[in-house]
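# Structural features, examined
Residue strings, one per chain:
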Amino acid sequence: MKLFHAPGACSLGIRVLLEEIGAPHEVITLDLRAGGQRGPDYLAINPKGKVPALLRDDGSVLTEFPAIALWLARTHPEAGLWPTGLEEEVRAMELLDYLVSTVHMRGFTLLLVPQKFAPGEEAQAALRAHGRAVATEGLAQVAERLGDRPFLHGARPGVTDAALFYILRWAAAVGVALPDVLRALDDRMMARDAVRRALDLTAA
Ligand SMILES: N[C@@H](CCC(=O)N[C@@H](CS)C(=O)NCC(=O)O)C(=O)O
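For clarity, every value in this text was computed on a predicted model and none was experimentally measured.

## Overview of the sheet that holds strand 2 (residues 26–29)
Strand order in the open sheet formed by four strands is 2-1-3-4, with mixed pairing between adjacent strands. The open sheet terminates on both sides in strands that have one partner only, identified here as strand 2 and strand 4 (61–63). Shown here is a sheet whose adjacent strand axes are inclined to one another by a mean of 20°, direction ignored. Note: strand 1 (residues 2–5) against strand 2, four bridges, orientation parallel. Across the sheet, residue lysine 2 finds its bridge partner in strand 2, namely glutamate 26. The sheet strands contacting helix 3 (residues 65–75) are strand 3 (53–55) and strand 4, and the helix crosses strand 4 at an angle near 120°.

## Focus on helix 1 (residues 11–21)
Taken across its eleven residues, helix 1 has eleven buried, putting it largely inside the fold. Taken together, the buried positions of helix 1 are Ser11, Leu12, Gly13, Ile14, Arg15, Val16, Leu17, Leu18, Glu19, Glu20 and Ile21. Taken together, the buried residues of helix 1 touch strand 1, strand 2, helix 3, helix 6 (159–174), helix 7 (180–190) and helix 8 (193–198). Just downstream of helix 1, glycine 22 is the residue with a positive phi angle, here 80°.

## Quick word on the pattern of salt bridges
Should their charged atoms come close, side chains of opposite charge can pair. Scanning all chains against the criterion turns up eleven salt bridges. Here glutamate 64 makes a salt bridge to lysine 48, at a shortest N to O gap of 3.1 Å. Separated by 16 residues along the polypeptide, glutamate 64 in the loop between strand 4 and helix 3 and lysine 48 in the loop between helix 2 (40–45) and strand 3 bring together distant segments of the chain. What makes glutamate 64 partly exposed here is its relative accessible area of 45%. Between glutamate 121 and arginine 128 there is a salt bridge, and its shortest N-O distance comes to 3.4 Å. The class of arginine 128 is partly exposed, set by a relative accessible area of 30%.

## Examining the domain arrangement of the chain
If you check the domain split of the chain, you get domain 1 (2–79) and domain 2 (86–192). Counting residues at the interface gives 15 residues for domain 1, matched by 17 residues for domain 2. Taken together, the two surfaces of domain 1 and domain 2 that pack against each other cover about 1200 Å², and 70% of this comes from carbon and sulfur. Looking only at domain 1, the three residues that lose the most surface to domain 2 are Cys10, Glu20 and Phe65, adding up to 34% of its buried area. Along the contact surface separating domain 1 from domain 2 lie four residue pairs in polar contact (both at pLDDT 80 or more).

## A few points about the nonpolar core
Formed by 52 residues in total, the largest nonpolar core has its most connected members in Ile14, Leu72, Phe108, Leu139, Leu164, Tyr166 and Leu182. Listing elements by their share of this core, those giving two or more residues are helix 1, helix 3, helix 4 (86–112), helix 5 (121–146), helix 6, helix 7 and helix 8. For this core, the element with the highest residue contribution is helix 6, accounting for ten residues. With sequence-adjacent residues up to four places away left out, isoleucine 14 is seen in contact with Leu3, Pro52, Phe65, Ile68, Ala69 and Leu72. The next biggest cluster of nonpolar side chains, apart from the first, holds seven residues, and it includes Phe4, Ala6, Tyr42 and Ala53.

Quick notes on the rules
- Residues numbered from 1 in each chain as written.
- Predicted model: local features only at pLDDT ≥ 70, side-chain atom pairs only at ≥ 80, totals over all residues.
- Heavy atoms only, no water.
- Pairing = 2+ DSSP bridges.
- Helix = DSSP H or I, 4+ residues; strand = E, 2+ residues; numbered from the N terminus.
- Axes fitted to C-alpha atoms, helices over the stretch in contact; angles between N-to-C directions.
- Contact = heavy atoms within 4.5 Å.
- Buried < 20%, exposed > 50% of the residue type's maximum accessible area, 1.4 Å probe, protein only.
- Salt bridge = Lys/Arg side-chain N within 4 Å of Asp/Glu carboxyl O.
- Domains from an automatic or database assignment.
- Buried area = accessible area lost by both parts, 1.4 Å probe.
- Polar contact = N/O pair within 3.5 Å; in protein donor to acceptor, adjacent residues only side chain to side chain.
- Core = buried A, V, L, I, M, F, W, Y, C linked by side-chain atoms within 4.5 Å.

Below, the structure written as structure tokens:
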């Protein structure tokens with residue numbers, strides 16, 4: 001498998017899952033600031049011009065964080081990254097969609113890259129403020145959902161924790177304060193060998 005990834009991007013969550021699974025893979029790094037995601041070579045792989053994209057061993061390409069994460073979890077059930085049972089699965093999907101579609105796309109995306117959506121400093125400041133409010137409210141909702149469990153998935157991290165983890169890196173980068181339970185979850189994630197490998201903090 002080949003993962004198309006960019007430093008600082010949401011594809012970090014897929015790296016975490018690949019490392020948790022221990023699946024052999026190659027990481028192809030794109031430079032988003034230099035527009036690597038819009039170059040013809042990459043658009044031939046993912047015409048949407050986004051990371052993550054996963055080139056699977058059968059030559060097919062999978063895109064979108066939830067789809068890639070679910071496929072990895074379901075094809076490696078022994079890693080225990082996704083719940084079983086209809087109610088547990090729909091609750092995990094509910095949370096994953098909230099993390100990616102709301103906290104990421106409507107919160108941190110506006111906070112981090114408002115210039116993509118409006119010209120002019122005044123409009124961008126308003127978008128940034130809106131994004132910060134959505135991100136802060138979203139993280140409070142996720143903290144509520146976590147409660148006193150160690151990870152969103154339960155005793156061990158799963159797909160939803162991998163999604164939360166990339167979001168927590170952005171929160172740290174732009175100074176969005178975390179509820180205590182999310183700070184503790186982040187510490188638990190950072191202590192994992194798989195996560196440290198995904199961050200290139202230790203050798204593979
Ligand atoms: N909905 C997509 C979001 C992917 C996405 O927004 N990726 C960002 C990095 S976090 C990206 O590739 N941005 C480059 C660009 O928009 O040009 C998913 O779930 O994978």
